[in-house]
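Residue-level structural notes
One letter stands for each residue in the lines below.
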Amino acid sequence: MSEKSVILVVDDEERIRRLLRMYLEKEGCVVDEAEDGETALEMALEKDYDLILLDLMLPGIDGIEVCEKLRIQKATPVIMLTAKGEEANRVQGFEVGTDDYVVKPFSPREVIYRVKAILRRSSATAYLTSEDSSSNNIVFPNLIIEHDAHRVTANGQIISLTPKEYELLHYLASSPDKVYSREELLKDVWNYEFFGDLRTVDTHVKRLREKLNKVSPEAASMIHTVWGVGYKLEVPK
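The structure displayed is predicted, hence computed values, not measured ones. (Residues numbered from 1 in each chain as written. Predicted model: local features only at pLDDT ≥ 70, side-chain atom pairs only at ≥ 80, totals over all residues. Heavy atoms only, no water.)

1. Some points on the overall build of the protein
Helix and strand counts for the protein come out as 10 helices and 12 strands. Counting every position in the protein, which comprises 237 residues, the buried fraction comes to 49%. At a minimum sequence separation of 6, the contacts of the protein that also span at least 24 residues come to 59%. For the protein, the accessible area works out to roughly 11,700 Å², and carbon and sulfur atoms hold 50% of it. (Helix = DSSP H or I, 4+ residues; strand = E, 2+ residues; numbered from the N terminus. Buried < 20%, exposed > 50% of the residue type's maximum accessible area, 1.4 Å probe, protein only. Contact = heavy atoms within 4.5 Å. Areas by Shrake-Rupley, 256 points an atom, 1.4 Å probe, with all protein chains shown as cover.)

Pasting the structure below:
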């Protein structure tokens, strides 16, 4: 994990903030804290964080609303912290753009593992030359994915995706016309081998289609649902 990683920890319980800060700082991160939703949203919009650890249940506006309002302006990666009985809220969290979730009571090591995984995927590759990056481009008639730059363009317009949305699109686009089950996508994109909600995949596909559709209905229509199986990215003939 880069020592330059700046993380916002949002939780109304001071002991949880203190615990997460201790583990994150051991990994070389810079940590800011917020104890309510309004403060968290204000900080997240003012400053460019590498990642936000966001409690679902907060005084004032809750984590769902914070993420929803944040997503209007920014694609900052978000890991939601949820209690065991909040499964419906976790699904709602994915619908508004959460990248991952951790269930309380959690192991700090699990949180660090998930933070590292997301930071790895969203890390910038500023040192790559343009010649290097061009060889990793995936180009379709209405959709261009520049992998080294983590940039997606549809009909000439850049689409703002979260790291997870980007990774899902890139994974499907890397093997066009191949059908992937939800279980395969959970395992390969989310690294959930033994646990994970299949609706996580559905909500991310839905958000991905919606974002593409605003700019290019043709690009959005390339993502096909294969009923009873999963999803594929189909190249227009």
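2. Observations concerning the sheet that holds strand 9 (residues 157-159)
Ordered by their spatial adjacency, 4 strands build an open sheet running 6-7-8-9, and the pairing between neighbours is antiparallel. Looking at the sheet topology across the chains shown, the edges are occupied by strand 6 (137-140) and strand 9. Strand after strand, the sheet turns through a mean of 20° between neighbouring axes, direction not considered. Bridge count for strand 7 (residues 143-146) against strand 8 (residues 151-154) is 4 bridges, and the pairing is antiparallel. Bridging from a neighbouring strand, L143 pairs with A154 of strand 8. Packing against the sheet, helix 7 (residues 163-174) makes contact with strand 6, strand 7 and strand 8, and its axis sits at approximately 110° to strand 7. Against the sheet, helix 9 (residues 199-215) touches strand 7, strand 8 and strand 9, its axis set at about 165° to strand 9. (Pairing = 2+ DSSP bridges. Axes fitted to C-alpha atoms, helices over the stretch in contact; angles between N-to-C directions.)

3. Regarding the packing of helix 2 (residues 37-46) against helix 3 (residues 63-73)
The contact between helix 2 and helix 3 brings their axes to 10 Å, and the two run at 15°. The angle between helix 2 and helix 3 places the two elements in the roughly parallel class. For the element pair helix 2 and helix 3, the recorded crossing hand is right-handed. Residues G37, L41, A44 and L45 of helix 2 form the contact with helix 3, whose own contacting residues are V66, K69, L70 and Q73. When grouped by side-chain class, the residues that make up the contact of helix 2 with helix 3 number 5 nonpolar, 2 polar and 1 charged. (Parallel < 35°, antiparallel > 145°, perpendicular 65-115°, else oblique. Left-handed = near helix turned anticlockwise from the far one by under 90°. Nonpolar A, V, L, I, M, F, W, Y, C, P; charged D, E, K, R; others polar.)

4. So, the pattern of salt bridges
Inspection of the entire model under this criterion finds 22 salt bridges. Between D11 and K104 there is a salt bridge whose closest N-O contact spans 2.9 Å. One end of the pair, D11, is in the loop between strand 1 (6-10) and helix 1 (14-26); the other, K104, is in strand 5 (residues 100-104), and 93 residues separate them in sequence. Put simply, R17, R21, E25, E33 and E35 are held in one network by salt bridges that share partners. (Salt bridge = Lys/Arg side-chain N within 4 Å of Asp/Glu carboxyl O.)

Geometry only, nothing functional implied.
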